[in-house]
Each structure stands twice: as structure tokens, then as C-alpha cells.
Amino acid sequence: MKTSTQDTRQHILDTGYQLIASRGFASVGLSELLKHAQVPKGSFYHYFKSKEQFGEALIKHYFDDYQLRLNSQFGDKTLPAYTRLIEYWQCWMASQADSCSSQKCLVVKLSAEVADLSEPMRLALLKGTQIVQGAISDCIQAGIDDGSVKETSPNDTAKLLYHLWIGASLMAKLSKTDSGLQQAMDTTELLLKPSG
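Residues numbered from 1 in each chain as written. Predicted model: local features only at pLDDT ≥ 70, side-chain atom pairs only at ≥ 80, totals over all residues. Heavy atoms only, no water.

J.: Just to check I follow, could you spell out the environment of Thr 157 for this structure?
T.: Following the sequence through the fold, Thr 157 ends up in helix 8 (residues 154-175). Along the backbone, Thr 157 and Ser 137 are 20 residues apart, and their C-alpha atoms lie at a distance of 7.3 Å. Engagement of the side chain of Thr 157 in a polar contact is seen with the side chain of Thr 152, the distance being 2.6 Å. (Helix = DSSP H or I, 4+ residues; strand = E, 2+ residues; numbered from the N terminus. Polar contact = N/O pair within 3.5 Å; in protein donor to acceptor, adjacent residues only side chain to side chain.)

This is how it looks when you write it as C-alpha cells:
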């Protein structure tokens, strides 16, 4: 029974992610979510007290999954840390430039929308982004240690790069081009690659 319960909850989260990543949180109504998930309203309220609580759970689940992917990508010690970092940003650029909006970063989609709408969702987004920045910082430190990344403040550089890429992703949505993302990549390489 527990597995079925977890499967239903996960199905609602997965369906919600696809809808919200493509259209935003406010524009997806509860009835539309339930229709796409093919679950009754009572089932939704069994797992989530409100749409806001669902949004908070969705964000937490997104970052749990994202952290697993980061651990896999940044944990590959067969590659220099610089290579791991650049591959991460290349994946970011590909997902943001891709015409399939459901693959785009949920942070980019929701940050501006929910920051003033829901304090629990804002805090969940903030906590998740801090975890991502921490993973980037750890990989930068690994690169300094293995000589593949120039000497820098890992925490400050991770924050700067993350902010740069979030901004570039927002501008890519507005301009419908990847020129800002390419500039972000060029800047990232300049900030990380050792001179000489």
C-alpha cells in the first residue's frame, strides 16, 4: 500500500512539473493538474493541503533530483574538475536553448513568479539554489586542488556564476536566442581557466 501511495504522490508531482515548467505556477489551475494526472481531488488533498504546499513539495523534489544529478556529474573523478564544471554549464546551455520548455530549469521559471506569491515556495527555492551553489563551489575547490581551475574564492565564484547563468537564462527566454548563454559560457571559462 505504501508503494502505491508513494507512486500516486510522485505521479502528481511529475505531472505538475511538466505543466508548471512549461506554463508557470499561477497559470496552472488545480482542476487542470488533476485532469492531466487523472486523479480525483480527494487524492490530491490526501497528499497536499493546498496548491501552495504542492508547489513547495514540487520544488523540494526538483532539487532532490537535481542534487543527485550534480553529485553524479561533479563526482566523476576521472575528469579534471574544470572539465566537469564546463560540462555542467554546457548541459545548462543546451537545456535552456532547447525548444522543449518542459526541460527548462524550474528555478528560472518560478523565481520571479513565486518570490512574492508564496513565502514557503520562495524559501524552498532559495534553499535549493544554495545547495546547487554549494556543489558548484565544492567542484571549483576540487579544481583549484587538482590545478585545473585558477585560484579564486570558490564560494564567491560559485555564486557569481550561478547568478550569471540564471540571468542569461532569463534573457534567453526574452530574446529567444542563446547569445546571452554563449556569453555566460565565455565568461565562465575566463573565470575558471588557469592562465597559461
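J.: I keep staring at the side chain of Thr 129 and nothing clicks. Help me out?
T.: Within the element layout of this structure, Thr 129 appears in helix 7 (residues 119-146). Those residues within four positions of Thr 129 in sequence are excluded, and the remaining contacts are Phe 63, Val 107 and Tyr 162. (Contact = heavy atoms within 4.5 Å.)

J.: Explain the side chain of Ser 137 to me, please; I cannot follow it from the model alone.
T.: Note that Ser 137 resides in helix 7. Residues within four places of Ser 137 in sequence aside, it is in contact with Pro 154, Asn 155 and Ala 158.

J.: I keep staring at helix 8 and nothing clicks. Help me out?
T.: Look at helix 8: 31 Å from first C-alpha to last across 22 residues, which is about the 32 Å you get at 1.5 Å a residue. For helix 8, every residue scored as buried is listed here: Pro 154, Thr 157, Ala 158, Leu 161, Tyr 162, Trp 165, Ile 166, Ala 168, Ser 169 and Ala 172. Axial view of helix 8: buried residues confined to an arc of 165°, hence all on one face. Exposed side chains of helix 8 directed beyond 90 degrees from the buried face belong to Asp 156, His 163 and Leu 174. Of the residues flanking the end of helix 8, it is Lys 176, one or two places downstream, whose phi is positive at about 60°. (Expected span 1.5 Å × (residues − 1). Buried < 20%, exposed > 50% of the residue type's maximum accessible area, 1.4 Å probe, protein only. Arc of directions from axis to C-beta.)

J.: What's the story with the packing of aromatic side chains in this structure? I'm lost.
T.: Aromatic ring pairs are reported here in terms of the distance separating the ring centres and the angle at which the planes meet. Considering all chains together, one arrives at 16 aromatic pairs under this definition. Ring geometry for Phe 48 versus Phe 54: centroids 5.3 Å apart, planes at 80°, classification edge-to-face. The residues Phe 48 and Phe 54 share a single accessibility class, namely buried. These aromatic residues form a ring-pair network of at least three members: Tyr 17, Tyr 62, Phe 63, Tyr 66, Phe 74, Tyr 88, Trp 89, Trp 92, Tyr 162 and Trp 165. Lying over the aromatic face of Phe 25, Lys 51 brings its terminal NZ or CZ to 4.4 Å of the ring centre. (Phe/Tyr/Trp six-rings, centres within 6.5 Å; stacked < 30°, edge-to-face > 60°. Lys NZ or Arg CZ within 6 Å of the ring centre and 35° of its normal.)

J.: Explanation requested: unusual backbone geometry in the structure shown.
T.: With a phi close to 55°, Gln 38 is a non-glycine residue in the positive phi region. Taking relative accessible area as the criterion, Gln 38 reaches 72% and is therefore assigned exposed. The backbone of Lys 176 sits at a positive phi, close to 60°, despite the residue not being glycine. By secondary structure assignment, the location of Lys 176 is in the loop between helix 8 and helix 9 (179-192). Given a relative accessible area of 73%, Lys 176 falls into the exposed group.

J.: Even after reading the chapter, I still don't get the nonpolar core, so can you show me in this structure?
T.: A general feature of soluble globular proteins is that nonpolar side chains tend to end up buried together. Ranked by internal contacts, the top residues of the largest apolar core, which has 59 residues, are Phe 54, Leu 85, Tyr 88, Trp 89, Ile 136 and Ile 140. Aside from chain neighbours lying at most four places away, what touches Leu 85 is Phe 74, Ile 136, Cys 139, Ile 140, Val 149 and Leu 192. (Core = buried A, V, L, I, M, F, W, Y, C linked by side-chain atoms within 4.5 Å.)

J.: Please clarify how the pattern of salt bridges should be interpreted in this entry.
T.: Where side chains of opposite charge bring their charged atoms close, a pairing between them can arise. Taken as a whole and judged by the stated rule, the model has 4 salt bridges. Measuring nitrogen to oxygen at the nearest pair gives 3.2 Å for the salt bridge that ties Lys 60 to Glu 56. Of this pair, Lys 60 and Glu 56 both sit in helix 4 (residues 51-74), 4 residues apart, which is roughly one turn of the helix. Judged by its relative accessible area of 45%, Lys 60 falls in the partly exposed class. Its salt-bridge partner being Arg 69, residue Asp 65 comes within 3.4 Å of it at the nearest N-O pair. Separated by 4 residues within a single helix, Asp 65 and Arg 69 lie in helix 4, roughly one turn from each other. Using a relative accessible area of 44% as the deciding quantity, one classes Arg 69 as partly exposed. (Salt bridge = Lys/Arg side-chain N within 4 Å of Asp/Glu carboxyl O.)

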